[in-house]
Amino acid sequence: MPLHHAVLALLTQRPNHGYELKARFEEAIGPQWGGLNIGHLYQILERLVRDGYVSRSQVTQTDRPDKNLYTLTEAGRTELNTWATSAWVRVGGFRDELFLKLLGAVALGPHALTTLIEAQRQTYLSELAGLAQQRRAHAAEPLVAVLIDAAIAHTKADLGLLDSASAHLAPLAAAQDAQAPQRSQRSQPQGSGGTDTTSDDSGKRGRRSESA
């Protein structure tokens, strides 16, 4: 529950209400993560209150509806400490649509594979240019800068992957292309191109009638 624990981390500094937490999260993490949906945030807070990690109190306001204030409990601090000091372990494997696109391109042959790889390369280069601009804009925000650095490193690794994909998959795509004419021939109806026996059968029936 990484977002749940991120909320706990924000509450270590001071109690907050929902919209304050949303703004602080987006400011702390920066544009790479994306915005935090307020409805989802309130679901998270409800779960944290139910688990005893956060307490909730109402603050009366004279000119607007009362608001809920959320405060970190000792149980929440213990849970945060356990989570934040343990290693992150990948559990789901690598699922990237690019690998499915490579599967499709290989099946279509060398031209499709080359087209995909070059298009993807240009996309990654464009992403790197945008990330470099973000890095300069957020140089004074350490946590945001670290996340952008991670995005840059990941994108550079993806660029290297394209070279590997080209080297390893080009022979496979060529083999698929070479087999295409054979598959086309096998898919034709068996009667195609055969001798038309209709006239022979008619002649035989005519000769049998004359002899009778």
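Read on for a plain summary of the structure.

Quick notes on the rules
- Residues numbered from 1 in each chain as written.
- Predicted model: local features only at pLDDT ≥ 70, side-chain atom pairs only at ≥ 80, totals over all residues.
- Heavy atoms only, no water.
- Helix = DSSP H or I, 4+ residues; strand = E, 2+ residues; numbered from the N terminus.
- Contact = heavy atoms within 4.5 Å.
- Areas by Shrake-Rupley, 256 points an atom, 1.4 Å probe, with all protein chains shown as cover.
- Buried < 20%, exposed > 50% of the residue type's maximum accessible area, 1.4 Å probe, protein only.
- Polar contact = N/O pair within 3.5 Å; in protein donor to acceptor, adjacent residues only side chain to side chain.
- Axes fitted to C-alpha atoms, helices over the stretch in contact; angles between N-to-C directions.
- Parallel < 35°, antiparallel > 145°, perpendicular 65-115°, else oblique.
- Nonpolar A, V, L, I, M, F, W, Y, C, P; charged D, E, K, R; others polar.
- Phe/Tyr/Trp six-rings, centres within 6.5 Å; stacked < 30°, edge-to-face > 60°.

1. Topic: the overall build of the chain
Right, on to step 1. In terms of helices and strands, the chain carries eight helices and two strands.
Right, on to step 2. Seen in sequence order, the chain has helices and strands lined up from the N terminus as α-α-α-β-β-α-α-α-α-α.
Right, on to step 3. Of the contacts formed within the chain by residues at least 6 apart in sequence, a portion of 58% connects residues at least 24 apart.
Right, on to step 4. Carbon and sulfur atoms make up 54% of the accessible area of the chain, which totals about 14,400 Å².

2. Thoughts on the environment of K22
Right, on to step 1. In this fold, K22 is placed in helix α2 (residues 18–29).
Right, on to step 2. Taking the relative accessible area as the measure of exposure, K22 reaches 21% and is therefore partly exposed.
Right, on to step 3. For K22 and N37, which are 15 residues apart along the polypeptide, the C-alpha to C-alpha distance reads 7.9 Å.
Right, on to step 4. Beyond its immediate stretch of four places on either side in the chain, K22 contacts L36, I38 and L41.
Right, on to step 5. Among the polar contacts listed, one links the side chain of K22 to the side chain of E26, at a separation of 2.7 Å.

3. Let's talk about the packing of helix α1 (residues 2–11) against helix α3 (residues 38–51)
Right, on to step 1. Contact pair α1 / α3: the axes reach a minimum separation of 10 Å and the direction vectors enclose 80 degrees. Taken together, the axes of α1 and α3 are roughly perpendicular relative to one another. On α3, the residues that touch L3, H4, V7 and L8 of α1 are H40, L41, I44, L45, R47 and L48.

4. Points about the environment of A150
Right, on to step 1. Summarising the element assignment, A150 is placed in helix α7 (residues 142–186).
Right, on to step 2. Distance from A150 to Q32, taken between C-alpha atoms, is 10.0 Å for residues 118 residues apart in sequence.

5. Details of the packing of α1 against α2
Right, on to step 1. Interaxial distance between α1 and α2 falls to 10 Å at its minimum, and their mutual angle equals 100 degrees. With respect to their mutual orientation, α1 and α2 come out roughly perpendicular. Residues L3, A6, V7, L10 and L11 of α1 form the contact with α2, whose participating residues are L21, R24 and F25.
Right, on to step 2. Residue composition of the contact of α1 with α2, by class: seven nonpolar, no polar and one charged.

6. Section: the side chain of T73
Right, on to step 1. Topologically, T73 is positioned in the loop between β2 (67–72) and α4 (74–84).
Right, on to step 2. A distance of 3.0 Å separates the side chain of T73 from the backbone oxygen of Y53, its partner in a polar contact.
Right, on to step 3. Among residues more than four places away in sequence, those in contact with T73 are G52, Y53, V54 and S55.

7. Some remarks on the side chain of H4
Right, on to step 1. By secondary structure assignment, the location of H4 is in helix α1.
Right, on to step 2. By relative accessible area, which is 15% here, H4 ends up buried.
Right, on to step 3. Those residues within four positions of H4 in sequence are excluded, and the remaining contacts are I44, R47 and L48.

8. Some points on the packing of aromatic side chains
Right, on to step 1. Taken as a whole, this structure holds two aromatic pairs when the rule is applied.
Right, on to step 2. Look at Y19 and Y42: their rings are 6.5 Å apart centre to centre, the planes differ by 70 degrees, and that puts the pair in the edge-to-face class. With Y19 in helix α2 and Y42 in helix α3, the pair connects residues that are 23 residues apart, well separated along the chain.
Right, on to step 3. Judged by relative accessible area, Y19 falls into the exposed class, the value being 52%.
Right, on to step 4. Ring plane angle 85 degrees and centroid distance 6.3 Å describe the contact between F25 and W33, whose orientation is recorded as edge-to-face.
Right, on to step 5. Of the residues examined, F25 reaches a relative accessible area of 4% and is grouped as buried.
Right, on to step 6. Relative accessible area serves as the criterion here: at 48%, W33 is assigned to the partly exposed category.

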